[in-house]
Amino acid sequence: MPIVWDEGQEPTAGRAVGSAVSALDAKAIQTAKLESAKLLNAANSGGFRISPEGVAPLQKAVLDMQSGLVRLQQGTAMALSQAPKLGSHEYGHAVAAHDQKGAVDDERSASVVLEQFSKVLEDVQSALTKAVENYREAEAGAADSVRQA
């Protein structure tokens, strides 16, 4: 998913992190889930085929994204699961608990969105694997028909 900079913005370190996180919002993930489901359905129905050579760079890209996502989940997302330290008074504890719940459990939280994106990548990987199987089956069928002719 590309990161789009607002007009006049430059990708400084702080902005890059903020923009990357905002790019993975719940709406974008929902759209990606729908599209990956279509891809998986097409592959499962035989409507999507791709050669092993053609799929290799796509699978590498998905694997790279999955690896990066795991690192992000283990780092940033784990930090979000910790309650912020807002003092030892009752109000501080209440606000910290609320913030922690919003950072982890809310359907739009970074943790939930990252988990949903992980599922999208799994679906894409499954679709690519099935598309290669479809390609091999089509090639075998074509070879059989040539031999029988």
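Preceding this section is the structure that the text describes.
On a predicted model such as this, the values are computed, not experimentally measured, just so you know. Along each chain, residues carry numbers from 1 onward, in the same order as the chain's sequence is written. Where totals are concerned, whole chains, interfaces and linings use all residues; where local detail is concerned, this predicted model gives features only for residues with pLDDT of at least 70, and gives and counts side-chain atom pairs only at 80 or more. Water and hydrogen atoms play no part in the side-chain values, which are based on all heavy atoms of the structure.

K.L.:
What am I meant to see in the overall build of the protein chain here?
P.N.:
Only DSSP runs of H or I covering at least 4 residues are called helices, and only runs of E covering at least 2 are called strands; the numbering of each starts at the N terminus. Counting its secondary structure elements, the protein chain contains five helices and zero strands. Here the term buried applies to any residue with accessible area under 20% of the maximum for its type, exposed to any over 50%, and partly exposed to those in between, with areas from a 1.4 Å probe on protein chains only. The 149 residues of the protein chain split such that 24% are buried. Throughout, a residue-residue contact means that at least one pair of heavy atoms, one from each residue, lies within 4.5 Å. Counted over contacts in the protein chain with a minimum sequence separation of 6, partners at least 24 positions apart contribute 67%. Surface accessibility follows the Shrake-Rupley procedure with a 1.4 Å probe radius. Residue values consider only the protein chains on display as shielding. In the form shown here, the protein chain has an accessible surface area of approximately 9,900 Å², with 57% of it arising from carbon and sulfur atoms.

K.L.:
What am I meant to see in the pattern of salt bridges here?
P.N.:
Every case where a carboxyl oxygen of Asp or Glu lies within 4 Å of a side-chain nitrogen of Lys or Arg is listed as a salt bridge. Here the structure, examined in full by the defined rule, presents five salt bridges. Between Lys130 and Glu133 there is a salt bridge, with its nearest N and O atoms 3.7 Å apart. Taken together, the positions of Lys130 and Glu133, both in helix α5 (residues 110-148) and three residues apart, correspond to about one turn of that helix. The partly exposed category is assigned to Glu133, whose relative accessible area is 37%.

K.L.:
In this structure, what is going on with the side chain of Ser51? I would like to understand it.
P.N.:
The topology assignment puts Ser51 in the loop between α2 (26-44) and α3 (52-80). Apart from residues lying up to four places away in sequence, Ser51 is in contact with Val132 and Tyr135.

K.L.:
Any chance you could explain the side chain of Gln125 here in plain terms?
P.N.:
Residue placement: Gln125 occurs in helix α5. The class of Gln125 is buried, set by a relative accessible area of 15%. Contacts of Gln125, omitting those with residues within four sequence positions, involve Gln59, Val62, Leu63 and Gln66.

K.L.:
Sorry, what's going on with the nonpolar core here?
P.N.:
As a rule of thumb, soluble globular proteins bury nonpolar side chains together. We call a set of buried Ala, Val, Leu, Ile, Met, Phe, Trp, Tyr and Cys residues a nonpolar core when their side-chain atoms join them within 4.5 Å. Ranked by size, the top nonpolar core spans 19 residues in total, and within it Phe117 and Leu128 carry the most contacts. Among the secondary structure elements, those contributing two or more residues to this core are α2, α3 and α5. Considering every element that reaches this core, the biggest residue donor is α5, with ten residues.

K.L.:
I tried to follow α2 on my own but got confused; where do I start?
P.N.:
Think of an α-helix as turning once every 3.6 residues; residues three or four places apart then point the same way. With 19 residues, α2 should cover 27 Å at 1.5 Å per step; its first-to-last C-alpha distance of 26 Å lies within 8% of that length. Buried within α2 we find Ile29, Ala32, Ser36, Leu40 and Ala43. End-on, the buried residues of α2 take up no more than an arc of 75 degrees, which puts them together on one face. The exposed set on the far side of α2, more than 90 degrees from its buried face, consists of Lys27, Lys38 and Asn41. Along its buried surface, α2 packs onto α5. Residue Gly46 follows α2 closely and has a positive phi angle near 90 degrees. To estimate the expected span of a helix, count its residues, drop one, and scale the result by 1.5 Å. Read the arc as the range of directions from the helix axis to the C-beta atoms.

K.L.:
Even after reading the chapter, I still don't get the packing of α2 against α5, so can you show me in this structure?
P.N.:
Helix-helix packing: each pair is described by the crossing angle between the helix axes and the interaxial distance. α5 packs onto α2 with a crossing angle of 20 degrees between their chain directions and a minimal axis gap of 8 Å. Considering the angle they form, α2 stands roughly parallel to α5. Every pair of crossing elements has a handedness; the one defined by α2 and α5 is left-handed. Residue-level inspection shows Ala26, Ile29, Ala32, Lys33, Ser36, Leu39, Leu40, Ala43 and Asn44 of α2 in contact with α5, the latter providing Val113, Gln116, Phe117, Val120, Asp123, Val124, Ser126, Ala127, Lys130, Ala131 and Asn134. Helix axes are fitted only over the stretch in contact, all axes being lines through C-alpha atoms; the angle between N-to-C directions runs from 0 to 180 degrees. What sets the label is the angle itself: under 35 degrees gives roughly parallel, over 145 gives roughly antiparallel, 65 to 115 gives roughly perpendicular, and the rest give oblique. Should the near helix be turned anticlockwise from the far one by less than a right angle, the crossing is left-handed, and should it be turned clockwise, the crossing is right-handed.

K.L.:
How do you make sense of the environment of Gly46 when you look at a structure like this?
P.N.:
Positionally, Gly46 belongs in the loop between α2 and α3. Since its relative accessible area comes to 30%, Gly46 is described here as partly exposed. Expressed as a C-alpha distance, the spacing of Gly46 and Lys130, which sit 84 residues apart in the sequence, is 8.4 Å.

Shape is all these values report; function is a separate question.
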